[in-house]
Amino acid sequence: SGMEGNSKIKPGGEKMDRPAVAPTIGIEPKFGATALRFSGIAGSLDSIGRFVVAQGVGGQVKLIGLWVYGQADANVAKVGLEISDKEGERFSYTVAVDWMGWKWIEADLSGGQFLPVAGQKGKNGKIDDGIGSVSVIWQPKSGGATGIVVDGLVAITELGQAATAHGNVGLPLSLGDF
């Protein structure tokens, strides 16, 4: 099922002005009618785009992945995923964007790929049961206009369990398809 109509995507980030989400034009989506472009104006190279794409994900999630479209003029150094556990502790996984066109990226929640986000006091440094939210994140190469194109967010759970996002939106989620 897709994130259609009343999508719950929440644009945001750190040192990121004018965060926005829009359907892509001129890029063939991996699934459905459209992929989505997440964009903003980075204040500096230490800016982060952080767009919440799912909340209250149920089931015992083992792996999260999505399609990312690499573009030469996108001003993107790294892209990845950030999750928060039920205790509100955040963990991130990023990869260098060194490709053009579509590429599948994924991270195993039990494989040490998700690392605790720095600066969280009083947290235990491990992913506690349950995913509170999933965000798509990216870091720019420099200040200025920056953005990524994404599609097909998928969460894989333990056999026999169904992952569901807040509002009865099932995973996998197509990030396009308005």
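Preceding this section is the structure that the text describes.
These notes cover the structure that comes with them.

Quick notes on the rules
Residues numbered from 1 in each chain as written. Predicted model: local features only at pLDDT ≥ 70, side-chain atom pairs only at ≥ 80, totals over all residues. Heavy atoms only, no water. Helix = DSSP H or I, 4+ residues; strand = E, 2+ residues; numbered from the N terminus. Contact = heavy atoms within 4.5 Å. Buried < 20%, exposed > 50% of the residue type's maximum accessible area, 1.4 Å probe, protein only. Pairing = 2+ DSSP bridges. Axes fitted to C-alpha atoms, helices over the stretch in contact; angles between N-to-C directions. Core = buried A, V, L, I, M, F, W, Y, C linked by side-chain atoms within 4.5 Å. 1 Å grid on protein atoms, 1.4 Å probe; cavity = no way out; pocket = protein on both sides within 12 Å on 5 of 7 lines; lining within 4 Å. Points joined across faces, edges and corners; volume = space filled by probe spheres on them. Nonpolar A, V, L, I, M, F, W, Y, C, P; charged D, E, K, R; others polar. Phe/Tyr/Trp six-rings, centres within 6.5 Å; stacked < 30°, edge-to-face > 60°.

The next point concerns the environment of Trp-104. Relative to the assigned elements, Trp-104 resides in strand S8 (residues 101-108). For the pair formed by Trp-104 and Val-68, sequence separation is 36 residues and the distance between their alpha carbons is 6.4 Å. Not counting chain neighbours up to four residues away, the residues in contact with Trp-104 comprise Gly-65, Leu-66, Trp-67, Gly-152 and Val-154.

The next thing to look at is the pairing of strand S3 (residues 36-42). Taking burial as the measure, the seven residues of S3 include five buried ones, the bulk of the element. As judged from the six bridges shared by strand S2 (residues 16-23) and S3, these two strands associate in the antiparallel manner. The partner of Pro-23 across the bridge, within S3, is Leu-36. The sheet contact formed by S3 and strand S11 (residues 144-157) spans seven bridges and is antiparallel. Within S11, the residue paired with Arg-37 across the bridge is Val-149.

With antiparallel pairing, the five strands of this open sheet are ordered in space as S2-S3-S11-S5-S8. Every interior strand has two partners, whereas the edge strands, S2 and S8, have only one. For this sheet, the mean angle separating the axes of adjacent strands, direction not counted, is 30 degrees. Across seven bridges, strand S5 (residues 61-70) lies against S11 in antiparallel orientation. Bridged to Leu-63 within S11 is Ile-156.

If you trace the backbone, Thr-24 turns up in the loop between S2 and S3. Beyond its immediate sequence surroundings of up to four residues, Thr-24 is in contact with Ala-35, Leu-36, Arg-37 and Val-149.

With antiparallel pairing, six strands are arranged side by side in an open sheet as S1-S4-S10-S6-S7-S9. The open sheet has two free edges, formed respectively by strand S1 (13-14) and strand S9 (115-116), since each of these has just one partner strand. With eight bridges joining them, strand S6 (residues 78-85) and strand S10 (residues 131-139) adopt antiparallel strand pairing. Following the sheet pairing, Lys-78 is matched in S10 by Gln-139.

On to the nonpolar core, then. Phe-38, Ile-64 and Val-134 are the most contacted members of the largest nonpolar core, which totals 34 residues. Within the residue set of this core, elements represented by two or more residues are S3, strand S4 (48-57), S5, S6, strand S7 (90-96), S8, S10 and S11.

Moving on, we get to the layout of surface pockets. Of the pockets and cavities examined, the largest pocket occupies roughly 190 Å³. Contributing to the lining of the largest pocket are Glu-14, Asp-46, Ile-48, Arg-50, Lys-78, Glu-82, Ser-92, Thr-94, Val-117, Ala-118, Ile-137 and Gln-139. Elements with a minimum of two residues in the lining of the largest pocket: S4, S6, S7 and S10. For the lining of the largest pocket, a count of residues per class yields four nonpolar, three polar and five charged.

Here we come to the packing of aromatic side chains. One pass over the full model with this rule turns up five aromatic pairs. Measuring from centroid to centroid gives 4.7 Å for Phe-38 and Phe-51, while their planes differ by 15 degrees, and the two rings are stacked. Within this pair, whereas Phe-38 is found in strand S3, its partner Phe-51 is found in strand S4, the two being separated by 13 residues in sequence. The class for Phe-51 is buried, based on a relative accessible area of 0%. Ring geometry for Trp-67 versus Trp-104: centroids 5.6 Å apart, planes at 65 degrees, classification edge-to-face. Here the residue Trp-67 occupies a position in strand S5, and Trp-104 occupies one in strand S8, the gap between them amounting to 37 residues.

In short, shape yes, function no, at least from these values alone.
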